[in-house]
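These are the residues of each chain, in order.
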Amino acid sequence: MNGLVGTVILLAAASAWAGAADSGRLKVELVSATGSLQPGRPLLLGLHFELQPHWHIYWRNPGDSGVPPQVRWRLPPGFQAGVLQWPAPERLGSGSVIDYGYQDSVLLPVELQTPGNLAAGASVTFAAEVSWVVCSDICVPGKAELTLTLPVRPAPGERSPSQELFQPALAHLPKPMPPAWKAEAKEEKDAFVLTILGAGGADASFFPLQADQVDNAAPQTVTAVPNGLRLTLRKSELLLQVPGSLEGVLTLGPGRAYAVSAPVRPLPGP
Amino acid sequence: MNKLGIAAAMVVAAVLAVPAQAARVGDKAPDFAATDSNGVQRTLSQFAGKYVVLEWHNNGCPFVRKQYNSGNMQKLQKEWTTRGVVWLTVISSAPGKQGYVTAAEENGYLKQMNAVPTAALLDPAGSLGHLYDAKTSPHMFVIDPAGTLIYNGAIDDQPTPDPASVAGAKNYVAQALTEAMAGKAVSVSTSRPYGCSVKYPD
């Protein structure tokens, strides 16, 4: 019986890799924030993933398992794509394996530089080869070739049918820390103590950008300190050298995510 | 009473297994006892004086299938066991979860895939997995003849399920064994293991 179930799963994995765009587990679409593009002006596109219940994809640091989605662009001459931008993730999984990723739906925005010499009235087609691993109890890789065509107009104004997807996505991107805040980390034997002065809120989580600094599965202890908060982050078993700084995203509740870079004060040497 | 006693013992074992006495590079690798797919009891200490590789495995995971369908994992097993390394495949999938196999199913799989580990350890309770804090399939550990953990991490530097990535990958296990056997320091001794989560019991 168990063998049978295994066979069905393996076949599904193989066919998804062969190139089904709507895998049944997720739908992915290349979308634009605007209905047209203007020569020489930045253009905001995005990869919009919609996931079936109980399935998830991964953040740029996926945590203990999984891998983040990847994109390879095929752009007309003169266009250049920036890096994918990543809204704050959530903690997923249970027990000793904890991942960082997205359920339900997520838009990964990306800014494109456009050339100045495009003729008004022309149309431009963008192609993106997107690959991902989507997981629930099992993981299934997928791959799709996506295209999007936009008209060139001298002035903006044309609405995009996907416009309303961008506002919430941009709101969930980590913002720079307010200048009045101060982040610092202190090394202890088994942990880093991250103090953020200026920040408040009981619902704080830290998502590390690097895979080998913080133990993903360990609970993060949050305590209030005068005018700020303190998180105790257990060190990863994979950490061999104390990093110069902890880089990551601090979330303080829905829509409140900040990019944190905290210099690390190491333990006194032996 | 007996059942309760067993349940209590399992809770104690789980509590003892989770906190971080886990495997850290440079420390002594924790000893274990586990039963292989031929019913033979294996311990780490019985292999003292030899290099030991631990390979976490799940035959349905696309990251594992990348290594096995390409023949890469079998090639590594063959090459290194020929050179005296003990290669232990470990299956920590719980019954009912992906990758769980009976002893007979595992022996059938090894034969079908031409896999040649020294032994395949069946760990359906996840205790060996928790002892080493194995996160993914694959997740690789290398232990030197003195019993010290010298590598903990990914199989290679290509974190993708794409089979095309096997050719040209830098294999961290082969590199660690090669360097250690030549008396050199292991240049990459930890890396983020990538793959499917280990399917531990809930």
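Model, not experiment: these values are computed from the prediction.

**Q** If you had to explain the overall build of chain A to someone new, which residues and values would you point to?
**A** When helices and strands are counted, chain A shows 2 helices and 18 strands. When its C-alpha atoms are laid out on the principal axes, chain A stretches across 65 × 60 × 30 Å. Evaluated residue by residue, chain A yields a buried proportion of 37% over its 270 residues. Pairs at least 24 apart in sequence give 73% of the contacts found in chain A among residues at least 6 apart.

**Q** Give me the overall build of chain B: which residues, what numbers.
**A** Tallying secondary structure elements over chain B gives 6 helices and 9 strands in all. The buried share of chain B, reckoned over its 202 residues, is 45%. Sequence-distant contacts, at least 24 apart, represent 75% of the contacts inside chain B between residues at least 6 apart.

**Q** I'd like to hear about the interface of chain A and chain B, residue by residue, with values.
**A** Between chain A and chain B, the residue contacts involve 24 residues of the former and 30 residues of the latter. Every element with two or more residues in the side of chain A that touches chain B is listed here: α1 (2-17) and β10 (139-151) of chain A. For the side of chain A that touches chain B, the element with the highest residue contribution is α1(A), accounting for 6 residues. Of the residues assigned to the side of chain A that touches chain B, the class counts are 13 nonpolar, 7 polar and 4 charged.

**Q** Describe unusual backbone geometry, naming the residues involved and giving the relevant values.
**A** When glycine is set aside, most residues are seen to have a negative phi, and most peptide bonds are trans. Residue and element names in this part refer to chain B. For the peptide bond that leads from Ser 137 to Pro 138, omega is -10 degrees, which places it in the cis range. Within the secondary structure layout, Pro 138 lies in the loop between β6 (136-137) and β7 (140-143). One non-glycine residue, Asp 133, lies in the positive phi region at around 55 degrees. Checked against the element boundaries, Asp 133 lands in the loop between α5 (127-132) and β6.

**Q** Break down the nonpolar core for me, citing the residues and quoting the values.
**A** Ranked by internal contacts, the top residues of the largest apolar core, which has 107 residues, are A:Val134, A:Leu194, B:Val53, B:Met140, B:Val142, B:Tyr151 and B:Val173. Of the residues forming this core, the biggest block, 7 residues, is contributed by strand β9 (residues 123-135) of chain A. What A:Val134 contacts, discounting residues up to four positions off in sequence, is A:Ser23, A:Arg25, A:Leu26, A:Leu51, A:Trp55, A:Ile57, A:Val140 and A:Gly142.

**Q** Quick rundown of the pairing of strand β3 (residues 56-63) of chain A? Include the residues and the values.
**A** Residues and elements named next belong to chain A. Within β3, 7 of the 8 residues are buried, leaving the element largely enclosed by the surrounding structure. Of the pairings in the sheet, the one linking β3 to strand β7 (residues 97-103) comprises 4 bridges and is antiparallel in character. Paired with Tyr 58 across the strands is Gly 101, a residue of β7.

**Q** So what's going on with the domain arrangement of chain A? Residues and values would help.
**A** Residue and element names in this part refer to chain A. Here chain A is partitioned into domain 1 (2-171) and domain 2 (175-265). Inter-centroid distance (C-alpha atoms) of domain 1 to domain 2 is 28 Å. Contacts between the two partners involve 11 residues from domain 1 and, on the opposite side, 12 residues from domain 2. Those elements that provide at least two residues to the side of domain 1 that touches domain 2 are β3 and β7. The biggest single contributor to the side of domain 1 that touches domain 2 is β7, with 3 residues. Tallied by class, residues from the side of domain 1 that touches domain 2 come to 6 nonpolar, 3 polar and 2 charged.

**Q** I'd love a proper account of the confidence of the model for chain A, names of residues and values included.
**A** Mean pLDDT over chain A works out to 90, with 92% of the residues at or above the 70 mark. Within the model, the stretch residues 1-20 of chain A combines pLDDT values under 50 with 19 contacts to residues more than four positions away or in other chains.

**Q** Explain the confidence of the model for chain B to me, and be specific about the residues and the numbers.
**A** All names here are of chain B. Taken over all residues, the pLDDT of chain B has a mean of 91, while the share at 70 or more is 89%. This model gives residues 1-20 a pLDDT under 50, and the stretch forms 6 contacts once residues within four places in sequence are excluded. The complex prediction reports pTM at 0.89, with the ipTM value standing at 0.87.

**Q** Tell me about the sheet that holds strand β4 (residues 86-91) of chain B, and name the residues and values.
**A** Two modes of strand pairing occur in sheets, parallel and antiparallel, and in both the strands are linked by backbone hydrogen bonds. Residues and elements named next belong to chain B. Reading across from one edge, β2-β1-β5-β4-β3-β7-β8 is the order of the 7 strands in this open sheet, with mixed pairing throughout. Every other strand in the sheet has two partners, leaving β2 (41-43) and β8 (149-153) as the edge strands with one partner each. Averaged over all pairs of adjacent strands, the angle between their axes in this sheet comes to 30 degrees, without regard to strand direction. Sheet analysis places β4 next to strand β5 (residues 119-122), joined by 4 bridges and oriented parallel. Bridge pairing in β5 places Thr 89 opposite Ala 120. Set on the sheet, helix α6 (residues 172-181) makes contact with β3 (52-56), β7 and β8; between it and β8 the angle comes to about 165 degrees.

**Q** Give me the pairing of strand β1 (residues 33-36) of chain B: which residues, what numbers.
**A** The side chains of a regular strand alternate between both faces of the sheet. Residue and element names in this part refer to chain B. Every second residue of β1 is oriented toward a common face, the buried set being Ala 34 and Asp 36 and the non-buried set Ala 33 and Thr 35. With 3 bridges connecting them, β1 and β2 associate as antiparallel partners. Pairing of Ala 34 across the sheet is with Arg 42, part of β2. Hairpin remark: β1 followed by β2, antiparallel, with 4 residues in the connecting loop; positive phi at Gly 39, about 80 degrees.

**Q** So what's going on with helix α3 (residues 72-82) of chain B? Which residues, and what values?
**A** Because an α-helix completes one turn every 3.6 residues, residues spaced three or four positions apart along the sequence face the same direction. Residue and element names in this part refer to chain B. What α3 keeps buried is the set Met 73, Leu 76, Gln 77 and Trp 80. Buried residues in α3, looked at end-on, bunch into an arc of 100 degrees, giving them a common side. Elements in contact with the buried residues of α3: β3, α2 (62-69), β4 and α6.

**Q** Could you give an account of the sheet that holds strand β2 (residues 43-51) of chain A, with specific residues and numbers?
**A** All names here are of chain A. In spatial order, the strands read β1-β2-β8-β5; together these 4 strands make up an open sheet with antiparallel pairing. Both outer strands of the open sheet, β1 (26-32) and β5 (80-81), are each paired with one neighbouring strand and no more. Sheet topology note: the β1/β2 ladder contains 7 bridges and is antiparallel. Following the sheet pairing, Ser 32 is matched in β2 by Leu 45. Its contacts with the sheet place helix α2 (residues 163-171) against β1, β2 and β8 (105-113), and it is angled at close to 95 degrees to β8.

The rules behind each value
- Residues numbered from 1 in each chain as written.
- Chains lettered and ligands numbered in written order.
- Predicted model: local features only at pLDDT ≥ 70, side-chain atom pairs only at ≥ 80, totals over all residues.
- Helix = DSSP H or I, 4+ residues; strand = E, 2+ residues; numbered from the N terminus.
- Buried ≥ 20, exposed ≤ 12 C-beta atoms within 10 Å, placed from the backbone.
- Contact = placed C-beta atoms within 7 Å.
- Nonpolar A, V, L, I, M, F, W, Y, C, P; charged D, E, K, R; others polar.
- Core = buried A, V, L, I, M, F, W, Y, C linked by C-beta atoms within 7 Å.
- Pairing = 2+ DSSP bridges.
- Domains from an automatic or database assignment.
- pLDDT = per-residue confidence, 0-100.
- Axes fitted to C-alpha atoms, helices over the stretch in contact; angles between N-to-C directions.
- Arc of directions from axis to C-beta.

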